[in-house]
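# A look at the structure
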Amino acid sequence: MSNAKTPTTHQAIIAIDQGTTSSRAILFNQHGEQLHSYQQEFTQHFPQSGWVEHDPQDILNTSLIATKTVMEYAQANSIEVLAVGITNQRETTLVWHKETGEPVYNAIVWQDRRTSAFCAENQEYAECITAKTGLLLDPYFSASKIAWILNNVEGARAQADYGELIFGTVDTFLIWHLTAGKVHATDTTNASRTNLFNIHTLDWDSELLEWYDIPAKMLPEVKESADDYGMTSTTALPLNVPIAGVAGDQQAALFGQCCFTPGGFKATYGTGCFALLNTGTEPQKSNHQMLTTVGYTLHGETYYALEGSIFTAGANIQWLRDGIKVIKSASATKALAESLEYDHGVVLVPGFAGLGAPHWEADARAAIYGMSRGTTEAHFARAALEAVCYQTYDLLTAMSADSVSAEAVWVDGGMVGNDWLCQFLADMLQVAVLRPKTMESTALGVMYLAGLQVGWYKDTQSLQQYKVVDKKFTPQLDDTTRSMLLTRWQKAVAATLAFI
Ligand SMILES: Nc1ncnc2c1ncn2[C@@H]1O[C@H](COP(=O)(O)OP(=O)(O)O)[C@@H](O)[C@H]1O
Ligand SMILES: O=P(O)(O)OC[C@H](O)CO
């Protein structure tokens, strides 16, 4: 998929956004306007129930094709490419040979649950892991996936001990290939998703490495999010420019939404929903099962965030459309939702892939309550949209109790094109919901980071001028109706958890 726009400048930065289902590259001018973009999907592999893998070659090839396409557009239009930024699906784990670049196994994707028994059996160590990493002991994160590769791929353990194998998340894998094997590095945001990184010392934690039995020499160097990651090598791309910005995709979106101060809050509604609250320069411990994570490191200063993850958001709508086929398109949900009153009575608890934050109940499953003979596709659509808003309410309530309150909610992702959803979100959260004009916050965020590194921007303050609000949604619903709806949601969640 490709789309172009007449260039308005003669300099640009390429943001590579390597996501779970596709890789895309976007060429941005200094005003954060997209000059060109290209996206390519790739195959998902499900070798066993609960396992999710990507072919490393697919990750690399689709990223290179996307980058080359926008680069060629730049060249054809005499636009000078100043730098590259990389943002990526987080936690996904790769191990490869240091000399040849040959992966020893497929990439084990963040959604993969193969190490759940290991994590469940070792929960007595969870508290210590949380204290150091800000995360939980859960298969979501990289460490147990690395250990699985070392323990299950023939010869891998011995090769790792001899220093022949190296590990990386997707950013590291791409940097390594783009620099022709010269740079083995990651940034603090990606490192903070591994379960091996101490978010207080901002370094790999030797005790955790020992506990997971992972050799330290496998790990990449950890750099700031705007930093010198080496030059792209012409063996990978016909381009010789610095890789100057790197961040995990949800943190990049936080940056792209200009949430630079404590209380800055963004929620991305794609397949899943990831909500991040900037909590300032000290890590805030959560008492409500939120994750504490690095937001970004810039000019020697690290900002932290609390994060809540909802495993299915847009995926609930996909289920209505492709699974049970009660709606024709995702966009049809707006009119269907509008056709009902607030007291329509149906609640969907979308535990299709378990319930994430704040419950972290992998074994929970989806449930629908309150159906009658009068229940129609409109109830399903409305309940699916309402559910992600109630879940965001739960996350924001937990985060506010742990740390600062959000001033407003900056939203992005495919679902927020739906005005009904945005209005209901504002009604539930009781704060303004702001939808920016540039919806590609993730790519924009890493472009900003690269732009700061190459001197395009002076500081984060100077980025605020490029932020344009497309639409603001303010709370309108009366308190009585809101409380009635939230009470019914909480009852439905309690019933779903009791059913496990
Ligand atoms: N108008 C809409 N209303 C509700 N959901 C929508 C709408 N448009 C798209 N979606 C949902 O948004 C998701 C796509 O968003 P996107 O940000 O592209 O996801 P991802 O990057 O995770 O692939 C799909 O799951 C789709 O069901
Ligand atoms: O690739 P996305 O947009 O689905 O994001 C995945 C997250 O980074 C997983 O933590």
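Residues numbered from 1 in each chain as written. Chains lettered and ligands numbered in written order. Predicted model: local features only at pLDDT ≥ 70, side-chain atom pairs only at ≥ 80, totals over all residues. Heavy atoms only, no water.

## Some thoughts on the pairing of strand 16 (residues 273–280)
Most of strand 16 sits out of view: eight of its eight residues are buried. Here five bridges tie strand 15 (residues 265–269) to strand 16, and the two strands are oriented antiparallel to one another. Bridge pairing in strand 16 links Thr-268 to Phe-274. Relative to strand 18 (residues 301–310), strand 16 runs antiparallel, the two sharing seven bridges. What sits directly across from Leu-276, in strand 18, is Glu-307. (Buried < 20%, exposed > 50% of the residue type's maximum accessible area, 1.4 Å probe, protein only. Helix = DSSP H or I, 4+ residues; strand = E, 2+ residues; numbered from the N terminus. Pairing = 2+ DSSP bridges.)

## Observations concerning the pattern of salt bridges
The final tally for this structure, using the stated rule, is 21 salt bridges. The closest approach of N and O atoms between Glu-440 and Arg-24, which form a salt bridge, is 3.0 Å. A residue pair is termed long-range when its members are at least 10 positions apart, and Glu-440 in the loop between strand 22 (433–436) and helix 14 (441–453) and Arg-24 in strand 3 (residues 22–28) qualify at 416 residues. In this structure, Lys-132 engages Asp-205 in a salt bridge whose closest nitrogen and oxygen atoms are separated by 3.0 Å. Here Asp-205 lies in the loop between strand 12 (203–204) and helix 8 (206–212) and Lys-132 lies in helix 3 (residues 126–133), a separation of 73 residues in the sequence. In this structure Asp-205 comes out as buried when scored by relative accessible area, which is 7%. Within the structure, one salt-bridge network assembled from shared partners comprises Arg-90, Glu-91, Arg-193, Asp-249 and Glu-307. (Salt bridge = Lys/Arg side-chain N within 4 Å of Asp/Glu carboxyl O.)

## Side note on the site of ligand 2
Taken together, Gly-19, Thr-20, Gln-89, Arg-90, Glu-91, Trp-110, Tyr-140, Asp-249, Gln-250 and Phe-274 are the residues near ligand 2. In this structure, Thr-20 approaches ligand 2 through a side-chain N or O atom, which is 2.7 Å from an oxygen atom. Within the side chain of Tyr-140, an N or O atom sits 2.8 Å from an oxygen atom of ligand 2. Contact with the protein chains covers 83% of the free accessible surface of ligand 2, which is 310 Å². Residue classes in the shell around ligand 2 are distributed as three nonpolar, four polar and three charged. (Near = heavy atom within 4 Å. Polar contact = N/O pair within 3.5 Å; in protein donor to acceptor, adjacent residues only side chain to side chain. Areas by Shrake-Rupley, 256 points an atom, 1.4 Å probe, with all protein chains shown as cover. Nonpolar A, V, L, I, M, F, W, Y, C, P; charged D, E, K, R; others polar.)

## Structural notes on the UniProt feature "domain: Carbohydrate kinase FGGY C-terminal" (unreviewed entry) in the protein
Taking the numbering used here, the UniProt-annotated feature "domain: Carbohydrate kinase FGGY C-terminal" (unreviewed entry) corresponds to residues 267–452. The span residues 267–452 shows a helical share of 35% and a strand share of 23%, and its end C-alpha atoms are spaced 24 Å apart. (UniProt positions renumbered as here; feature names shortened; annotations may be inferred.)

## Focus on the site of ligand 1
The environment of ligand 1 is made up of 14 residues, and the closest members are Thr-271, Gly-314, Gln-318, Gly-414 and Asn-418. Within the backbone of Gly-314, a nitrogen or oxygen atom sits 3.1 Å from an oxygen atom of ligand 1. Contact between ligand 1 and Ala-330: a nitrogen atom at 3.4 Å from a main-chain N or O atom of the residue. Contact with the protein chains covers 70% of the free accessible surface of ligand 1, which is 580 Å². Here the shell around ligand 1 takes four residues from helix 10 (residues 314–323), the largest share from any one element. Partitioning the shell around ligand 1 into residue classes produces four nonpolar, ten polar and no charged.

## A short note on the UniProt feature "binding site: ATP" (unreviewed entry) in the protein
Mapped onto this structure's residue numbering, the UniProt feature "binding site: ATP" (unreviewed entry) falls at Thr-20, Thr-21, Ser-22, Thr-271, Gly-314, Gln-318 and Gly-414. The topology assignment puts Gly-314 in helix 10. Other than its neighbours up to four places away in sequence, Gly-314 contacts Gly-270, Thr-271 and Met-415. Inspection of the secondary structure puts Gly-414 in the loop between strand 21 (409–412) and helix 13 (419–429). A residue is classified by how much of its surface remains accessible, and Gly-414, at 71% relative accessible area, is exposed. (Contact = heavy atoms within 4.5 Å.)

## A short note on the nonpolar core
Here is a general trend for soluble globular proteins: nonpolar side chains tend to be buried in one another's company. Residues Phe-265, Tyr-269, Val-409, Met-415, Met-428 and Val-433 are the most contacted members of the largest nonpolar core, which totals 71 residues. When residues in this core are grouped by element, the largest group, 15 residues, is from helix 12 (residues 377–402). Mapping this core onto the domain boundaries places at least three of its residues in each of domain 1 (2–241) and domain 2 (250–500). Setting aside anything within four residues of it in sequence, one finds Val-433 in contact with Val-409, Val-411, Cys-422, Leu-425, Ala-426, Lys-471, Lys-472 and Phe-473. Grouped together as the second largest cluster of nonpolar side chains are 38 residues, Ile-16, Ala-74, Val-84 and Ala-185 included. (Core = buried A, V, L, I, M, F, W, Y, C linked by side-chain atoms within 4.5 Å. Domains from an automatic or database assignment.)

## Details of the side chain of Thr-312
Mapped onto the fold, Thr-312 is located in the loop between strand 18 and helix 10. A distance of 3.2 Å separates a polar side-chain atom of Thr-312 from the backbone oxygen of Pro-350. Look past the residues within four positions of Thr-312 in its chain and what remains in contact with it is Thr-271, Gly-272, Pro-350, Phe-352, Ala-353, Val-388 and Gln-391.

## Looking at the domain arrangement of the protein
Per the domain assignment, the segments making up the protein are domain 1 (2–241) and domain 2 (250–500). A C-alpha centroid distance of 25 Å is found between domain 1 and domain 2. Taken together, the contact between domain 1 and domain 2 spans 41 residues of the former and 38 residues of the latter. Summed over both partners, the interface of domain 1 with domain 2 buries about 3,300 Å², with 64% contributed by carbon and sulfur atoms. Contributions of two or more residues to the side of domain 1 that touches domain 2 are made by strand 2 (11–18), strand 3, strand 6 (80–88) and helix 7 (188–191). The element best represented in the side of domain 1 that touches domain 2 is strand 6, accounting for six residues. By residue class, the composition of the side of domain 1 that touches domain 2 is 17 nonpolar, 15 polar and nine charged. (Buried area = accessible area lost by both parts, 1.4 Å probe.)

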